[in-house]
Amino acid sequence: MTKEINEFHLLVTPHQNKKLPIYRWYHFNHSFSRDLVWYLIDKFNLNCGNIILDPFCGSGTTLLAAQEKGISAIGIDILPLSVFISNAKLQNYNIDKIKYKIEELNKLLSNHNKNTTLIPEFKILHKVFDPDVLSDIFVVKNWIQKMEDKKLKYFFFTALLSITEKVALARKDGGFLRIVPDKKIPDFKETLFIKINEMLSDIEHSNSQNNTKSKAQIGDARKICFPSSSFDAVITSPPYLNRHDYTRVYILELAIAFLKSEGEIKRLRYKTLRSHVEAKKVFVADGYKEPIKLKEIIEKLEKETLPNKHVIPMIKGYFEDMYLVLKEVARVLKQRGFAAFVIGDVRYGGFLIPVSDILVEIGDSLGLTHQETLVARLRGNSPQQMGKFGKIPAKESIVIWKKQ
């Protein structure tokens, strides 16, 4: 059953979260809102005795929204940035300790000598940051790393990472990090302290119920490291089939805080879900049979001249990987448990790929009974494709299954 529900059109975006305490500390451009999670929690009749899984936890919206409802949630993600930010939002913080460290940081940035010896040889860092700003970033990073209190590390690292794009000659643009040579860069120290004080204010006025057992950890949704029948619900949004490579979009944050070399970033890129052309096959999809609807689209695309010859293998690989994800979701869900996926259809070579419909077919083959598809919004194709193929909207939906 498919329903078009207009009130969901903003709930499948991070628009709301940008204004909410703690949620706004750091957000992914491709994420959903707190109120969508709350809607699904109520729809699934979940309570404090239940536990939720988000196998693509992103910036932690599902985990934090569940925690505020007094429900435990576990998130996994292949990106260390996602795991770190998600956990930062779930902590109980000591305000007095933070205030003491703020004074210490203020003195450090007022008196330190510019030093480039701590900066790794990532080409992108030297390309988009002024040398003095880059020095300041790594002075702060070094100061944070010396802290013994893990919660303080979460707090100050999150503040630093959240302003990274603001002080760089770059901006996130869809699936890319674009260089912006003429961008006006704000003062580093002032920008950092504005963020720190905003975060401190959020903690002081937070009503979050932090007695739940919620956390995020590194993991792969294609091979979930939890026993069967562990979760009452899954609420998530896997990468869309839109060629967005998050190791490129978030390369500044990854290079500053998590990975030591460009080689490490490439290795991580190759292991991500095959939603972009550079990801490689990691797992064998035993039992997978290509859906007829997908096979028909692939046959049409093979007759077209596509800008990138790797798009067709990417599309095939994406659905193989999503088969593995849904197979794991079916395994870790309890009987009568629900799964909700926020997902978007895409278009290549003028042909619409109904991602949500194909995933419904795959899920049903794995023991997940399709309950409904809530169409949140319809998106038009790009101006380039509009001129060639006309206005053919693609839907962004919330697909809901139940494990019988």
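By convention here, each chain's residues receive numbers from 1 onward along its written sequence. This being a predicted model, a pLDDT of at least 70 is required before a residue's local features are given, and a value of 80 or more before pairs of side-chain atoms are given or counted; all residues contribute to the totals for chains, interfaces and linings. Based on all heavy atoms of the structure, the side-chain values leave hydrogens and waters out of the count.

Caption draft 1: Main features of the packing of aromatic side chains. Only centres within 6.5 Å qualify two rings of Phe, Tyr or Trp (six-membered ring in Trp) as a pair; their planes then separate them into stacked at under 30 degrees, edge-to-face at over 60, and tilted for everything else. One pass over the structure, following the stated rule, counts 17 aromatic pairs. Summarising the aromatic geometry, the rings of F84 and Y154 are spaced 4.9 Å apart at their centres and angled 45° between planes, so their arrangement reads as tilted. With a gap of 70 residues between them, F84 in helix α3 (residues 80-89) and Y154 in helix α7 (residues 150-162) connect regions that are remote in the sequence. Y154 carries the same exposure label as F84, and that label is buried. Through a chain of ring-to-ring contacts, three or more aromatic side chains come together here, namely W25, Y93, W143, F155 and F156. Its end group placed over the ring of W38, K69 keeps NZ or CZ at 4.8 Å from the ring centre. Note on criteria: charge over ring means Lys NZ or Arg CZ within 6 Å of the ring centre, with the direction from the centre no more than 35 degrees off the ring normal. Above the face of the Y270 ring, K280 is positioned so that its terminal group lies 4.7 Å from the ring centre. Secondary structure elements follow DSSP: runs of H or I no shorter than four residues count as helices, runs of E no shorter than two count as strands, and numbering proceeds from the N terminus. Throughout this description, buried means an accessible area under 20% of the type-specific maximum (1.4 Å probe, protein chains only), exposed means over 50%, and partly exposed covers the range between.

Caption draft 2: Local environment of the environment of S397. Within the fold, S397 resides in strand β12 (residues 394-403). Judged by its relative accessible area of 0%, S397 is buried. Here the alpha-carbon distance between S397 and T305, two residues 92 residues apart in the chain, equals 29 Å. Here, two residues are considered to be in contact whenever any of their heavy atoms come within 4.5 Å of each other. Residues within four places of S397 in sequence aside, it is in contact with F341, V342, I343, S356, T373, L374, V375 and A376.

Caption draft 3: Layout of the packing of helix α4 (residues 95-111) against helix α8 (residues 188-204). At a minimum axis separation of 11 Å, α4 and α8 run at an interaxial angle of 175°. When the interaxial angle is binned, α4 and α8 end up roughly antiparallel. Judged by residue contacts, I95, I98, K99, I102, L105, N106, L109 and S110 of α4 engage F188, K189, L192, F193, I196, N197, L200, I203 and E204 from α8. Grouping the constituent residues of the contact of α4 with α8 by class yields eleven nonpolar, three polar and three charged. All axes here are fitted lines through C-alpha atoms, helices being fitted over the stretch that makes contact, and every angle between N-to-C directions spans 0 to 180 degrees. Geometric relationships in this document are graded by angle, where less than 35 degrees denotes roughly parallel, more than 145 denotes roughly antiparallel, 65 to 115 denotes roughly perpendicular, and other angles denote oblique. Under the scheme applied here, ten amino acids are nonpolar (Ala, Val, Leu, Ile, Met, Phe, Trp, Tyr, Cys and Pro), four are charged (Asp, Glu, Lys and Arg), and all others, including Gly, are polar.

Caption draft 4: View of the nonpolar core. Core analysis: the largest hydrophobic core is formed by 140 residues, its most contacted members being F129, F156, I315, F319 and I353. Looking at this core element by element, the count peaks at 14 residues for helix α13 (residues 311-332). Those residues in contact with F319 that lie beyond four places of it in its chain are L241, Y288, L294, I353, V355, I358, L359 and I362. The term nonpolar core refers to a set of buried residues drawn from Ala, Val, Leu, Ile, Met, Phe, Trp, Tyr and Cys, joined through side-chain atoms within 4.5 Å.

Caption draft 5: Structural detail: the confidence of the model for the chain. In this model, the chain carries a mean pLDDT of 92, and residues with pLDDT of at least 70 account for 93%. Contacts of residues 382-390 to residues separated by more than four positions or lying in other chains number nine contacts, the stretch itself having pLDDT below 50. Every residue is assigned a pLDDT by the predictor, reflecting its confidence on a scale from 0 to 100.

Caption draft 6: Main features of the environment of G363. Summarising the element assignment, G363 is placed in helix α14 (residues 355-365). Here the alpha-carbon distance between G363 and I218, two residues 145 residues apart in the chain, equals 24 Å. If sequence neighbours within four positions are ignored, G363 has contacts with L326, L368 and W401.

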